[in-house]
Amino acid sequence: INLGEIIFSFFFFQAEDGIRDFCLSRGLGDVYKRQIIHLLESKNHPIQSEACWIMLNISTGPTEYVDTIVNLRVVDLLNKLLDSVDQKVIEHALWALGNIAGDTTYFRDVVLDSRGLLDKLGDYFDHFEENTFSVQKKLIFLVSNLARKPYPPYEKVYQFLPFFVNLIYDSPDEESHIDVLYTLSYLTADGEDQVEEAVSCGIVPGALSALKNDSEYILAPALRLVGNISTGTNEHTKLLLEKGVLELLEPLLNHRKLFVRRDAVWILSNFFCATEKQIDILTSSGILPIIDELFARDELDIQIEVLFCFLNLVLYGNKDRLHSIVQEFNLLDKILFGLQKEPDIKLLRRLIDTLSLILESGEFLKETTGQGNPYVIYLEKIGGSTVIEKLQHHKDEEVYKKIYDLIERYFSLNP
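Below is a short write-up of the structure. Please read these numbers as outputs of a predicted model, since none were measured by experiment.

1. A look at the overall build of the protein chain
Of regular secondary structure, the protein chain possesses 28 helices and two strands. By its C-alpha atoms, the protein chain is 95 × 45 × 35 Å across when sized along the principal axes. Residue pairs in contact within the protein chain that sit at least 24 positions apart in sequence constitute 69% of those at least 6 positions apart. If you sum the accessible surface of the protein chain, you get close to 19,900 Å²; carbon and sulfur atoms cover 48% of it. Here the protein chain holds 40 positive side-chain charges and 63 negative ones, and the gap between their average locations is 2 Å.

What follows is the structure, given as structure tokens:
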């Protein structure tokens, strides 16, 4: 009988008809708990490795199993094994810790708070090339699970940012490349300061290069990452535009996967919140007719993101082009479409603000032509006033007030 079989015998129970199903919650008594600790504290590397292997297998089971081993202070024991000189022990310890961290937020925080663990991981990344291929993969896997949603305090994980930026260009394999991109998307998801730190580390070229990948598994986190960067400052937008992001996004607008098309349009919608000069670059790139076609033929998720593009264009772009945009892209029809889809509050407010701006510009046309407000007339013609009137009863007070003002000013209806 080999060593692995001897160790596994601690966790399985002999029945008359053979080995029973593994049932940690019922069968793991005090004796077996002491054996787990004893095995992890062994000075024998093969035993340590096999004990870690058992822990990583248990940690892939139900949360109640993970809870049992966490309560046995297994996390601290695995942490201690990271001081080993045996790469197989280190690999299995990292893997088990990654599984535990990935189970629940509570277990993730237990791993994060294990004394000295983050410093050890930092040391491993400092000497990344000295580790085996498998240890490299498990390091990336563990940190990815430590950084994922709901996001931990940034100060606990930001130290890994420079390492992961470098790994965009030199990941051990595709699986690790995916983990690296997801981790970077986690580390840039909470505001301009995080984006600025990542940009300062040189993240933009690597993030954009990932958009060239044919694998949808690479594209998913790459789009999230570029999208996070696009929510930063106008300087970040400028950098992305200068590095050719539009040329990379355009073919993705016709990708076979819906999430790729959706996230590509989402990134564009962020760009339309930039400066007028940057927005002019977008409008002159020929991207508007492409996303307008998407609105006409694609799924609702895509249509919503396209709506955000046009709404942001009106709100933040050059007002001299407002009338041509409204007419060329049937923007009033798009706004009514959005109002009737029971949008979330963010989109609803954006729709109302954009409609208000368009109607206000129509008043200027009314004065210059001596005729009626062309946008009010058009909305009346297509039943828009009825759609707007229904929003008087919306539960959001801000929405109610804005709709009330619109009706009072442009449609002469009493709520």
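2. Quick look at the nonpolar core
Counting 137 residues, the largest nonpolar core has Leu40, Leu121, Ile203, Leu249, Leu268 and Leu339 as the members making the most contacts within it. Residue contributions to this core peak at ten residues, all from helix α22 (residues 300–316). Residue contacts for Leu249: discarding those within four places in its chain leaves Leu211, Leu223, Ala264, Ile267, Leu268 and Phe271.

3. Brief notes about the environment of Glu196
Within the element layout of this structure, Glu196 appears in helix α14 (residues 192–200). On the accessibility criterion, Glu196 (38% relative accessible area) is partly exposed. The spatial distance from the C-alpha of Glu196 to the C-alpha of Lys390 is 43 Å, given a sequence separation of 194 residues.

4. Re the side chain of Thr283
Among the secondary structure elements, Thr283 is positioned in helix α20 (residues 276–283). At 3.0 Å, the side chain of Thr283 forms a polar contact with the backbone oxygen of Asp280. Polar contacts involving the side chain of Thr283 include one to the side chain of Arg321, which spans 3.1 Å. Setting aside chain neighbours within four positions, we find Thr283 in contact with Phe272, Leu288, Leu313 and Arg321.

About the cut-offs
- Residues numbered from 1 in each chain as written.
- Predicted model: local features only at pLDDT ≥ 70, side-chain atom pairs only at ≥ 80, totals over all residues.
- Heavy atoms only, no water.
- Helix = DSSP H or I, 4+ residues; strand = E, 2+ residues; numbered from the N terminus.
- Contact = heavy atoms within 4.5 Å.
- Areas by Shrake-Rupley, 256 points an atom, 1.4 Å probe, with all protein chains shown as cover.
- Lys, Arg positive; Asp, Glu negative; His and termini not counted.
- Charge placed at Lys NZ, Arg CZ, Asp CG, Glu CD.
- Core = buried A, V, L, I, M, F, W, Y, C linked by side-chain atoms within 4.5 Å.
- Buried < 20%, exposed > 50% of the residue type's maximum accessible area, 1.4 Å probe, protein only.
- Polar contact = N/O pair within 3.5 Å; in protein donor to acceptor, adjacent residues only side chain to side chain.

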